[in-house]
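# Observations on chain architecture
For reference, the chains in residue letters:
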Amino acid sequence: MTGAPEDVKRKVAAAVDALADELEALSHRIHATPELAFTEEKAHAWLTEFLDRRGARVERGVGGLPTAFRATIPGTGPGPTIAILAEYDALPGIGHACGHNVIATAGTGAGAAIAIALATLPWPGRVQVIGTPAEEGGAGKVRLMEAGLFRDVDAAMMVHGRSGTRVWRPTLGIMKVKVEFHGEAAHASSWPWRGVNALNAVIQLFVSLDHLRQQIRPDARIHGIITKGGDQPNIIPEHTSAEFYLRAMTTDHVRGLERRFRDAAEAAATATGCRVTITSDPTIHEPMKANETMARLFGRNLELIGFPEDPDDPEAGYGSTDCGNVSQALPTIHPYVRISPDGVPGHSREFAEWARSPMARAGMVAGAKALAFTALDLVASSEALARAKQDFNAT
Ligand SMILES: [Zn+2]
Ligand SMILES: [Zn+2]
């Protein structure tokens with residue numbers, strides 16, 4: 001299977017290297033200014049300015065999301081569209097503990113390097129960098145898909161930082177569920193028997209879910225937080241709320257978990273005399289669908305730049321991503337590049353520190369090169385793209 005010629009890749013790699021200091025500075029600036037889902041105004045401004053200055057055609061606020069963008073590097077005529085995705089949102093409280101500053105600068109670096117090295121692609125088609133807000137909790141990519149932003153995209157790719165380089169790892173489907181219990185307030189000391197305790201209901205639900213966990217598949221996950229546990233100890237809590245994520249390897253299995261979750265919540269309400277309302281988020285994050293052809297191209301490009309894949313870490317479980325929904329709609333890959341030593345968990349303060357380390361710079365540079373090369377392979381070779389589409393349609 002042919003792809004983009006090596007001399008083109010060498011030029012693009014040199015452009016990434018020339019941009020590396022600026023990309024790292026931008027990565028650190030985003031890291032130092034963590035912005036939550038849908039409010040990534042500064043990152044959006046910096047990234048679009050970076051691409052604009054390198055000659056990409058930038059559209060800001062696309063798909064009805066003010067912090068989304070699309071930057072296009074055109075080819076010689078009509079042809080396939082290959083999208084490189086960039087995330088840049090942070091987590092509440094722990095900042096860039098998912099390393100989206102590295103995703104942002106790897107994706108933007110890939111696009112900027114192609115624009116500098118080639119100006120116009122020597123083939124028909126185009127490469128786009130799509131800035132996708134709100135991966136953590138907002139499903140920004142699903143909103144952009146609904147707005148039609150991926151309608152003309154033939155294949156999509158992104159990289160994510162991790163404690164090891166892996167071309168493929170599964171991700172879990174995920175459903176978000178909110179629960180509210182309504183009881184009755186009363187003086188907690190002088191009239192407790194006149195109250196109906198909504199905190200007991202939420203505690204009962206957590207206990208039931210702990211029991212349920214024993215009976216679910218080992219790769220499924222149920223986890224939650226209490227978002228309201230009451231107002232003051234001398235009042236029997238009349239209203240409590242909690243939020244949960246239900247995850248599993250298939251969307252069907254996620255729906256099965258939801259049914260059992262609802263039974264547990266209703267039972268907790270019955271047991272405590274409360275009323276319950278259960279609200280499931282209509283957007284399910286779907287599991288990633290693998291694409292062997294694209295993964296193989298990406299792996300080959302990693303070898304080309306001397307940034308080889310690591311063995312998988314059998315200790316680690318799986319996360320979820322709104323990129324899963326993209327992968328169920330069109331050929332997509334979501335490989336991981338090493339930005340921390342082995343065994344550092346994502347969403348930890350330790351990982352947030354590694355996301356601004358020299359190792360993160362190396363992962364970002366390698367990610368930018370491998371993304372750019374793989375995107376160019378797919379534009380240059382109609383055979384490669386056809387095989388990626390075959391893979392997609394075969395499963
Ligand atoms: Zn994350
Ligand atoms: Zn992430």
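Details of the structure are given in the entry above.
Here Asp252 lies in helix α6 (residues 251–272). Each C-alpha atom, one on Asp252 and one on Gly173, is 9.1 Å from the other, the two residues being 79 residues apart in sequence.

Before going further, it helps to examine the packing of helix α1 (residues 6–32) against helix α2 (residues 41–53). For the pair α1 and α2, the least separation of the axes is 10 Å and the interaxial angle reads 165°. By the angle between their directions, the pair α1 and α2 is classed as roughly antiparallel. For the element pair α1 and α2, the recorded crossing hand is right-handed. Residues Leu19, Glu22, Leu23, Leu26, Arg29 and Ile30 of α1 form the contact with α2, whose own contacting residues are Ala43, Trp46, Leu47, Phe50 and Arg53. The residue makeup of the contact of α1 with α2, split by class, is eight nonpolar, no polar and three charged.

The final tally for this structure, using the stated rule, is three aromatic pairs. Ring geometry for Phe206 and Phe244: centres 5.0 Å apart, planes at 45°, overall tilted. On the criterion of sequence distance, the pair formed by Phe206 in helix α5 (residues 198–213) and Phe244 in strand β9 (residues 239–248) is long-range, its members being 38 residues apart. Overall, Phe206 belongs to the partly exposed group, its relative accessible area being 23%. Taken together, Phe206, Phe244 and Phe261 form an aromatic cluster joined through their ring pairs. Across the ring face of Trp46, the terminal group of Arg29 is positioned such that the distance to the ring centre comes to 5.0 Å. Over the ring of Tyr336 we find Arg162, and its NZ or CZ is 5.9 Å from the ring centre.

Once that is clear, we can look at the side chain of Ser327. Along the chain, Ser327 turns up in helix α8 (residues 323–329). Excluding residues that lie within four positions of it along the chain, Ser327 makes contacts with Pro287, Met288, Lys289, Thr332 and Phe392.

The pairing of strands in a sheet happens through backbone hydrogen bonds and is either parallel or antiparallel. Spatially, six strands are ordered β1-β2-β4-β3-β5-β11 in an open sheet, and the strand pairing comes out mixed. With partners counted over all chains shown, the strands left at the sheet margins are β1 (57–60) and β11 (332–333), one partner each. Here helix α3 (residues 100–118) sits on the sheet in contact with β2 (69–74), β3 (81–86) and β4 (126–131), set at roughly 140° to β3.

A separate point is the pattern of salt bridges. Using the criterion set out here, one finds 21 salt bridges in the structure. Salt-bridge contacts for Lys369 lead to Asp17; the nearest nitrogen and oxygen are separated by 2.9 Å. Taken together, the residues span a long stretch of sequence, with Lys369 in helix α10 (residues 358–380) and Asp17 in helix α1 at a distance of 352 residues. The class of Lys369 is buried, set by a relative accessible area of 12%. For Asp17, a relative accessible area of 44% puts it in the partly exposed group.

What counts, and where the lines are drawn
Note that residues are indexed from 1 along each chain, following the sequence as it is written. Ligands are numbered from 1 and chains lettered from A, in the order in which they are written. A pLDDT threshold of at least 70 governs which residues receive local features in this predicted model, and a stricter bar of 80 or more applies before side-chain atom pairs are shown or counted, although totals over entire chains, interfaces and linings include all residues. Based on all heavy atoms of the structure, the side-chain values leave hydrogens and waters out of the count. Helix and strand definitions here come from DSSP, where helices need a minimum of 4 consecutive H or I residues and strands a minimum of 2 consecutive E residues; each element is numbered from the N-terminal end. Geometry is summarised by axes, namely lines fitted to C-alpha atoms with helices restricted to the contacting stretch, and by angles between N-to-C directions that run from 0 to 180 degrees. For classification, angles of less than 35 degrees are called roughly parallel, those exceeding 145 degrees roughly antiparallel, those between 65 and 115 degrees roughly perpendicular, and all remaining angles oblique. Two helices crossing with the near one rotated counterclockwise from the far one by less than a right angle form a left-handed crossing, whereas a clockwise rotation gives a right-handed crossing. Contacts are residue-level and defined by heavy atoms, with any inter-residue pair within 4.5 Å sufficient. Following the grouping adopted for this structure description, the nonpolar residues are Ala, Val, Leu, Ile, Met, Phe, Trp, Tyr, Cys and Pro, the charged ones are Asp, Glu, Lys and Arg, and the polar ones are all others, Gly among them. Stacked, tilted and edge-to-face are the three classes applied to pairs of Phe, Tyr and Trp rings, where Trp contributes its six-membered ring and a pair requires centres within 6.5 Å; stacked means planes under 30 degrees apart, edge-to-face means over 60, and tilted covers the rest. A 1.4 Å probe rolled over the protein chains alone gives each residue an accessible area, and that area as a share of the maximum for its type sets the label: buried under 20%, exposed over 50%, partly exposed in between. A ring is considered to have a charge above it if a Lys NZ or an Arg CZ atom is located within 6 Å of its centre and within 35 degrees of its normal. Only strands that DSSP links by at least two bridges are regarded as paired with each other. By salt bridge we mean one thing: a side-chain nitrogen of Lys or Arg within 4 Å of a carboxyl oxygen of Asp or Glu.

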